[in-house]
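Residues per chain are reported as follows:
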Amino acid sequence: MSKTATPAATPKGSKSKKTTKAVTGTPAAAKSGSKAPGTRVLYAVSEVAPFLSTGGMGQVVGSLPTALMRVDKEMDVRVISPLYRQVRNQFGAGMTLVGSLHVPLSWRSQYCGVYMAERDGITYYFLDNLYYFDRERPYGYLDDGERFAFMSAAVLAVLELIDFVPDIIHAHDWQSALVPIYLKIAYSQRYPQLRTIFTIHNIEYQGRYGMEILGDVFGIDDKDRGIVEYDGDINLMKGAIVCCDRLTTVSPSYAEEVKGVGGFGLEGIIRQNGYKLSGIINGIDYEIYDPETDKVLVEGYNALSLEGKAANKRALQTLFGLPVAPRTPALCMVSRLVTHKGIDLITTIAETLLKDDVQLFILGTGDHQYELFFQDLATLYPDKAAVSIAYNPEISNRIFAGADIMLMPSASEPCGLAQMICCRYGTIPVVRATGGLKDSVQDCRLGDGNGFVFEDYDAEELLSTIRQAVDLYKYREEQWQDLVREAMKRDFRWDLSAKAYRELYFNLLPGGSGVSSQTNT
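Quick caveat: nothing in here was measured; it's all calculated off a predicted structure.

Cut-offs and rules
- Residues numbered from 1 in each chain as written.
- Predicted model: local features only at pLDDT ≥ 70, side-chain atom pairs only at ≥ 80, totals over all residues.
- Heavy atoms only, no water.
- Helix = DSSP H or I, 4+ residues; strand = E, 2+ residues; numbered from the N terminus.
- Buried < 20%, exposed > 50% of the residue type's maximum accessible area, 1.4 Å probe, protein only.
- Contact = heavy atoms within 4.5 Å.
- Pairing = 2+ DSSP bridges.
- Axes fitted to C-alpha atoms, helices over the stretch in contact; angles between N-to-C directions.
- Disulfide = S-S within 2.5 Å.
- Patch = residues over 30% accessible without salt bridge, like charges linked within 9 Å, V, L, I, M, F, W, Y side chains within 5 Å.
- Areas by Shrake-Rupley, 256 points an atom, 1.4 Å probe, with all protein chains shown as cover.
- Salt bridge = Lys/Arg side-chain N within 4 Å of Asp/Glu carboxyl O.
- Lys, Arg positive; Asp, Glu negative; His and termini not counted.
- Charge placed at Lys NZ, Arg CZ, Asp CG, Glu CD.
- Right-handed = clockwise from strand over helix to strand, strands pointing away.
- Phe/Tyr/Trp six-rings, centres within 6.5 Å; stacked < 30°, edge-to-face > 60°.
- Lys NZ or Arg CZ within 6 Å of the ring centre and 35° of its normal.
- Parallel < 35°, antiparallel > 145°, perpendicular 65-115°, else oblique.
- Left-handed = near helix turned anticlockwise from the far one by under 90°.
- Nonpolar A, V, L, I, M, F, W, Y, C, P; charged D, E, K, R; others polar.

Enquirer: Would you mind going over the overall build of the protein with me for this structure?
Expert: When its secondary structure is counted, the protein shows 18 helices and 20 strands. If you line up the protein on its principal axes, its C-alpha atoms span 70 × 50 × 45 Å. With 521 residues in all, the protein has 60% of them scored as buried. Taking the intrachain contacts of the protein between residues at least 6 apart in sequence as the baseline, contacts between residues at least 24 apart amount to 73%.

Enquirer: Would you mind going over the pairing of strand β5 (residues 108–119) with me for this structure?
Expert: Remember that side chains alternate between the two faces of the sheet whenever the strand is regular. Across the twelve residues that make up β5, a large majority, nine, are buried. Where strand β4 (residues 96–105) and β5 come together, nine bridges link them in antiparallel fashion. Within β5, the position partnered with H102 by the bridge is Y111. When β5 meets strand β6 (residues 122–128), the two strands line up antiparallel, connected through seven bridges. By the bridge assignment for β6, V114 is matched with L127. Taking the residues that link successive antiparallel strands as the turn, the β5-β6 hairpin has two residues, and the phi of D120 there is positive, at about 50°.

Enquirer: Please clarify how the sheet that holds strand β18 (residues 428–432) should be interpreted in this entry.
Expert: Hydrogen bonds between backbone groups are what pair the strands of a sheet, and the pairing can be parallel or antiparallel. Within the open sheet, the six strands sit side by side as β16-β15-β14-β17-β18-β19. Their pairing is parallel. For this open sheet the edge positions go to β16 (385–388) and β19 (452–454), each flanked by a neighbour on one side alone. The mean inter-strand angle of the sheet, taken between neighbouring strand axes irrespective of direction, is 20°. Judged from the three bridges that link them, β18 and β19 form a sheet pairing that is parallel. Following the sheet pairing, V430 is matched in β19 by F452. Along the sheet, helix α12 (residues 368–380) makes contact with β15 (359–363) and β16, crossing β16 at roughly 145°.

Enquirer: Where do I start with the state of the cysteines in this structure?
Expert: Note: disulfide means a covalent bond formed between the sulfur atoms of two cysteine side chains. Counted under the stated rule, the structure contains zero disulfides. Of all cysteine sulfurs, the one in C422 lies closest to C332, which takes part in no disulfide; the gap is 7.0 Å. With no disulfide of its own, C415 lies closest to C423 among cysteine sulfurs, the gap being 12 Å.

Enquirer: What is the right way to look at a negative patch on the surface in this model?
Expert: On the surface, a cluster of negative charge is made up of E455, D456, D458 and E460. Position of D456 among the secondary structure elements: in the loop between β19 and α16 (459–475).

Enquirer: Where do I start with unusual backbone geometry in this structure?
Expert: Most peptide bonds are trans, and most residues other than glycine sit at a negative phi. Residue P50 is reached from A49 by a cis peptide bond, and omega for that bond is 5°. At D120, a residue that is not glycine, the phi angle is positive and equals roughly 50°. One non-glycine residue with positive phi stands out, namely F264, at about 45°. Considering the arrangement of structural elements, one finds F264 in the loop between α8 (252–257) and α9 (267–272). Residue F264 is classed as partly exposed on the basis of its relative accessible area, which comes to 43%.

Enquirer: Teacher, can you tell me more about the pairing of strand β2 (residues 40–44) here?
Expert: With five of five residues buried, β2 lies mostly within the body of the structure. As judged from the five bridges shared by β2 and strand β3 (residues 76–82), these two strands associate in the parallel manner. The residue of β3 that forms the bridge with V41 is V77. Taking the sense of rotation as the criterion, the β-α-β connection linking β2, helix α1 (residues 56–71) and β3 turns out right-handed. Across four bridges, the pairing between β2 and strand β7 (residues 168–172) is parallel. Bridging across to β7, V41 finds its partner in I168.

Enquirer: Sorry if this is basic, but what is going on with the packing of aromatic side chains here?
Expert: Two aromatic rings, taken as a pair, are described by how far apart their centres are and by the angle between their planes. Counted according to the given criterion, the structure contains 18 aromatic pairs. Pairing Y473 with W480 gives two aromatic rings, centres 5.3 Å apart and planes at 90°, and the pair type is edge-to-face. This pair shows no difference in class: Y473 is buried, exactly as W480 is. Sitting above the plane of the Y141 ring, R135 keeps its charged end 4.9 Å from the centroid. Taking the ring centre of Y473 as reference, the NZ or CZ of R327 above it sits at 4.3 Å.

Enquirer: Even after reading the chapter, I still don't get the packing of helix α10 (residues 307–319) against helix α13 (residues 393–402), so can you show me in this structure?
Expert: The description of two helices packed together rests on the angle between their axes and the distance between the axes. With their axes 7 Å apart at the nearest point, α10 and α13 run at an angle of 125° to one another. It follows from the interaxial angle that α10 and α13 lie oblique. Considering the relative orientation of α10 and α13, their crossing is left-handed. Facing α10, whose interface residues are K309, N312, K313, A315, L316 and L319, α13 presents I395, R398, I399, F400, A401 and G402. A breakdown of the residues in the contact of α10 with α13 according to their chemical character gives seven nonpolar, two polar and three charged.

Enquirer: What exactly am I supposed to notice about the pattern of salt bridges here?
Expert: Between side chains of opposite charge, a pair can form when the charged atoms approach closely. Tallied over the full model, the rule gives 24 salt bridges. Within the structure, one salt-bridge network assembled from shared partners comprises D222, R225 and E229.

Here's what the structure looks like:
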């Protein structure tokens, strides 16, 4: 168990805004800014772009607040997240020290500093504790349960310190699942009007721990154990589902899937709480992902002028050391190399596929066995396969722009952003009909569509679908160009989804209907 942590040094160049405050006192709801009542939302999340993002959740929380304030200028949307070492080193000089306090967690009383940064009209708060967050990476430690219990407890403890008591706290995935739980069991009298929304980005990761650490690590009394107990263990996601006022997933299809075989053991609890479940699909930032202005591309292009895409294909082939072959279909995967992303299907068909006239570009990190497989594949097929075991956003965009076809054969995909990004860049997705892939890609073989969709989680069906896409590219060039233009015209901006979230928030507040739309496409 941890000892009381010492405060971190103030990030170089930052300025102190407030002195230390205690956690006691009356709620500061009346002081929480100049926005109209009923418009204050605080996102509690374990990562947020551009400060730190390891996947879709960080990108979503990095884009959605701006979109919300764009559709409703009266909203005041802020974000609170840990001050990881990477965030401090890269962005600390631009932060202001708000103040500090000690956060109670079970038998501990841990130091917590709060730093503030503003970016694109959004206020971000960062929770500072060296013991928990000054580490090489954000996740993957044996004490992750304690680390994110501290984060969740701190979110509620610092509200008066930051002078912002929201109407709604929007928590994301298991790392912040304790926010609605702690609100219910420890802060409900202090903040009786405060409501919570919990979003499931990936239900496979639920925050499961042995019941023996219920009090010692999480500070939950035995009388409240039923909130988090599930199948004999602590299950933080289960507790959040029960305690939150509204529950969302990141696509309408995923909302349906988690009520059944896609619930990974929580389907019964989700069905019991189905009255508060909504599926709202994610979007992408069109300023970040714009093939016309993207600075990492060798030449910009748009749906009306595709010549630049051919130039980026040549540049991609050169970058990875493959032959420059303008009419050879360039297939790609930009993905975590893990089974639920369909990587086992790809490894099954890879050598058969590479016997065809295609090139394959792989970018990602993941399970060691898959990393080794693709590295060996590139060695065996040096003129056809190129592999980079890395996470590199700039290379990702160069692949999105230079490839012709993108493969996303996921076993499960709550939403997915890559299929939206590749459409934006005119690269045609081949996807399995699951989760957000099903909601965002329509099969062009059935009429007007923006990609190719296969149903069964089957390697042969995937191979057949890829070959149909390849044939269209090679032998029906005009139809292919029409498909590319159709994909690029699809609108995956955040605006529609932001309006759905705005409705969800409004319906939770006094004067709202209390009932939200169940799905949004």
